[in-house]
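Single-letter residue listing:
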Amino acid sequence: MARYKDLADKFITDIQTGKLKQGAKLPSLRLLAKQHSVSVSTAVSCYQELESLGWITARPQAGFYVSHRHSSQRSVEWLQFESKVSQVTRPIYQAPSYTGPLGVSTAQLNSEARSELENCFRRALKRMGESATRYPAYQGEPFLRNTLSEHFTDLGFPIAAEEMVITHGCISAIKSALESCTKTGDAVAISSPCFNGLVELLAQMSLNIVEIPSLDDGIDLDQLEHHLSNGNIQAGLFCTSHMNPQGITMSVQQKQRLAHLASQYQTPIIEDDVYIELSHSNHFPLPAKYYDRDGYVIWCGSISKTISAGYRLGWCLPGRYFQPYLVRFASGSFGVATPIQLAIADYISSGLYAKYMRKKRFELLEYKRDYSAYLEEYLPSSVRVSAPLGGLVLWLQIPELDSDAFATAVAEQQLDIRLGELFSSLPLYQDCVRINIGHPLDDESKRDLSKLVNLIKIYS
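Caption draft 1: Seen up close, the nonpolar core. Membership of the largest hydrophobic core comes to 127 residues, with the highest contact counts inside it found for Leu224, Ile344, Leu396, Phe406, Ile417, Ile435 and Leu452. With eight residues, the single largest contributor to this core is helix 12 (residues 352–378). Here Ile435 is in contact with Leu102, Leu375, Leu392, Val393, Leu394, Leu396, Ile417, Leu449 and Leu452, once residues within four sequence places are set aside. By size, the runner-up hydrophobic cluster in this structure holds 19 residues, among which are Ala8, Val38, Trp55 and Ile56.

Encoded structure:
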């Protein structure tokens, strides 16, 4: 990454996290260059980048300032409670027959990327040769594992290809990880709220849950350590970057401590990093796995959110659980389809993926601004809306919501959103809603947002 872009990303992060307040004056170009040991031209490029993205404004004869983003919307307040072992007793979520842009956490694949991927698949079929008649390798194609190793190493997260297993998406990777280190009746720590797909997976596997409250910079690690020290949990399962549904990204300190706790108590922590490349800037947040020295963090990811969920391709770094993991994965699968592996490896190794992701991150930043601005304009000011640094979703807290009547009206109007109650095994988030913001704010999205706003006004 160009030095000026790296410097700009640091400013964006400081603005998003509130370290740099709206209206704050920034260092002069010469001071910026001196502070960061860069040339004045690099400093100029940095400020030009920030200005073009709308993060700062230049005032003649006065300098550069953080842009004013007037907002009447209040930030989300995370519920604090004493975490205990619980079971998922509610019915498994049944997706509605109707769909809309606000429901599933997805982003669009543009026509250019689709065309490029089609070419990659053509080349993959030619590359297969004799392997077309054989089952895929259980661990995954070396070409893909090597490509992913180089890709993440370039992002500052060096990983070894021989330590990676290719899977059928991130949920598949997580399921095999749980099978490798837990048994029926064990308790698994998760964040609260937590992606409903993970809550349902744990229920299906007859595993108990310990919900750990969320904080602005991650989760309540003191409560997690309390349960670890008392032997109450046998594993942890956490999304650490751009969490779904909260939008929180754990701080570096949180990720370091999470990895340390896993090692200290010799307890596996499964890290769901399906959103790690979807920052709303060019900043790549290092995972907790980066700080793992003893192999107790099991890192899982996929292309489901960056490219397409339809390809069903993911990966896992099982750490010290590599052998049992590979056995578990192989016992339930004959490997991942070879053409898909080779095509995605071609797409990444050619540089097309990196180019696509640079554009996608900028688009997601624009989408977040558009959706946030719409909600700010039309929602009551009492409604709290998350301000994520990345990912595809917004989390809304709606004071005094008549949740039962609201849920009935949502179904009657065939509004595809996700109700807060789905994201917990406890009755904590009935006044919350999650919406997807991975699509442009077009007429269809505005139509559904208008429905949502009207229902919130009626039932709160």
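This is not the end of the story, as more comes after the structure.
Caption draft 2: Expanded view of the pattern of salt bridges. Throughout the structure, instances matching the rule amount to 15 salt bridges. Across the salt bridge formed by Asp346 and Arg123, the nearest N and O atoms sit 2.8 Å from each other. A residue pair is termed long-range when its members are at least 10 positions apart, and Asp346 in helix 11 (residues 338–349) and Arg123 in helix 4 (residues 111–128) qualify at 223 residues. You can call Asp346 buried: its relative accessible area is 7%. With a closest N to O distance of 2.6 Å, Glu179 and Lys175 form a salt bridge. In this pair, Glu179 and Lys175 are both assigned in helix 6 (residues 170–181), four residues apart and thus about one turn of the helix distant. According to the relative accessible area criterion, Glu179 is partly exposed, its value standing at 22%. Connected through salt bridges with shared partners, the residues Arg3, Asp6 and Lys10 form a single ionic network.

Caption draft 3: Focus on the sheet that holds strand 14 (residues 418–419). Ordered by their spatial adjacency, four strands build an open sheet running 12-13-15-14, and the pairing between neighbours is antiparallel. Every interior strand has two partners, whereas the edge strands, strand 12 (384–385) and strand 14, have only one. The sheet contact formed by strand 12 and strand 13 (residues 393–397) spans two bridges and is antiparallel. Opposite Val385, over in strand 13, you have Leu396 as the bridge partner. The sheet strands contacting helix 12 are strand 12, strand 13 and strand 15 (432–436), and the helix crosses strand 13 at an angle near 20°.

Caption draft 4: Broad picture of the layout of surface pockets. Here the second largest pocket is characterised by a volume of approximately 480 Å³. When residues in the lining of the second largest pocket are grouped by element, the largest group, three residues, is from helix 7 (residues 196–204). Residues that form the lining of the second largest pocket fall into these classes: ten nonpolar, nine polar and five charged.

Caption draft 5: Focus on helix 6. The end-to-end C-alpha distance of helix 6 is 17 Å, a good match for the 16 Å that twelve residues give at a rise of 1.5 Å each. Of all the twelve residues making up helix 6, nine are buried; the element is thus mostly covered by neighbouring parts of the structure. All of the buried residues along helix 6 are Cys170, Ser172, Ala173, Ile174, Ser176, Ala177, Leu178, Ser180 and Cys181.

Caption draft 6: Molecular detail of a nonpolar patch on the surface. Among the surface-exposed residues, Tyr135, Tyr138 and Phe334 lie close enough to one another that they form a single nonpolar patch of about 400 Å² accessible area. Among the structural elements, Tyr135 can be located in the loop between helix 4 and helix 5 (142–154).

Caption draft 7: Molecular detail of the packing of aromatic side chains. Using the criterion set out here, one finds 14 aromatic pairs in the structure. Look at Trp395 and Phe423: their rings are 5.5 Å apart centre to centre, the planes differ by 90°, and that puts the pair in the edge-to-face class. A residue pair is termed long-range when its members are at least 10 positions apart, and Trp395 in strand 13 and Phe423 in the loop between strand 14 and strand 15 qualify at 28 residues. Of the residues examined, Trp395 reaches a relative accessible area of 0% and is grouped as buried. Given a relative accessible area of 0%, Phe423 falls into the buried group. Note on Trp395 and Tyr429: the rings are 6.0 Å apart at their centroids and 70° apart in plane angle, and the pair reads as edge-to-face. Highlighted residues: Trp395 in strand 13 and Tyr429 in the loop between strand 14 and strand 15, separated in sequence by 34 residues. Given the relative accessible area of 3%, Tyr429 is considered buried. Among the aromatic residues, those joined into a cluster by ring pairs are Phe152, Phe157, Phe284, Trp299 and Trp315. Above the ring of Tyr296, the side-chain terminus of Arg320 is found at 4.1 Å from the ring centroid. Positioned above the aromatic ring of Trp55, the side-chain terminus of Arg369 is 4.9 Å from the ring centre.

What counts and how
- What you see as residue numbers is a count from 1 along each chain, following the sequence as written.
- Only residues with pLDDT of 70 or above have their local features reported here, since the model is predicted, and side-chain atom pairs are shown and tallied only from 80 upward, although totals for entire chains, interfaces and linings are computed over all residues.
- Calculated side-chain values reflect all of the structure's heavy atoms, with hydrogen atoms and water omitted.
- Buried residues of nine kinds, namely Ala, Val, Leu, Ile, Met, Phe, Trp, Tyr and Cys, make up a nonpolar core once their side-chain atoms join them within 4.5 Å.
- Here's how the labels work: a residue is buried when its accessible area is under 20% of the maximum for its type, exposed when over 50%, partly exposed in between, all with a 1.4 Å probe on protein chains only.
- Numbering of helices and strands runs from the N terminus, with a helix taken as a DSSP run of H or I at least four residues long and a strand as a DSSP run of E at least two residues long.
- Contact between two residues is taken to exist if any of their heavy atoms lie within 4.5 Å; hydrogens are not considered.
- When a carboxyl oxygen of Asp or Glu lies within 4 Å of a side-chain nitrogen of Lys or Arg, that pair is called a salt bridge.
- Two strands are counted as paired when DSSP detects at least two bridges linking them.
- Every angle, taken between N-to-C directions, lies between 0 and 180 degrees, and every axis is a line fitted to C-alpha atoms, over only the stretch in contact when it is a helix.
- Cavity: a set of points on a 1 Å grid over the protein atoms alone where a 1.4 Å probe fits but cannot get out. Pocket: an open set with protein on both sides within 12 Å along at least five of seven lines, its lining residues, like those of a cavity, having an atom within 4 Å of a point.
- Grid points are joined across faces, edges and corners, and a volume is the space filled by probe spheres set on the points.
- Three classes are used: nonpolar for Ala, Val, Leu, Ile, Met, Phe, Trp, Tyr, Cys and Pro, charged for Asp, Glu, Lys and Arg, and polar for all others, with Gly counted as polar.
- Multiplying one less than the number of residues by 1.5 Å gives the expected span of a helix.
- Distance thresholds for patches are 9 Å for like charges and 5 Å for nonpolar side chains (Val, Leu, Ile, Met, Phe, Trp, Tyr), applied to residues having over 30% relative accessible area and no salt bridge.
- In short, Shrake-Rupley with a 1.4 Å probe defines the accessible areas, and a residue's cover is counted only from the protein chains shown.
- Between the rings of Phe, Tyr and Trp (Trp by its six-membered ring), a pair exists once the centres lie within 6.5 Å; its type follows the angle of the planes, with under 30 degrees stacked, over 60 edge-to-face, and the other angles tilted.
- By definition here, charges over rings are those cases where NZ of Lys or CZ of Arg is within 6 Å of the ring centre and within 35 degrees of the ring normal.

Keep in mind these values describe shape, not function.
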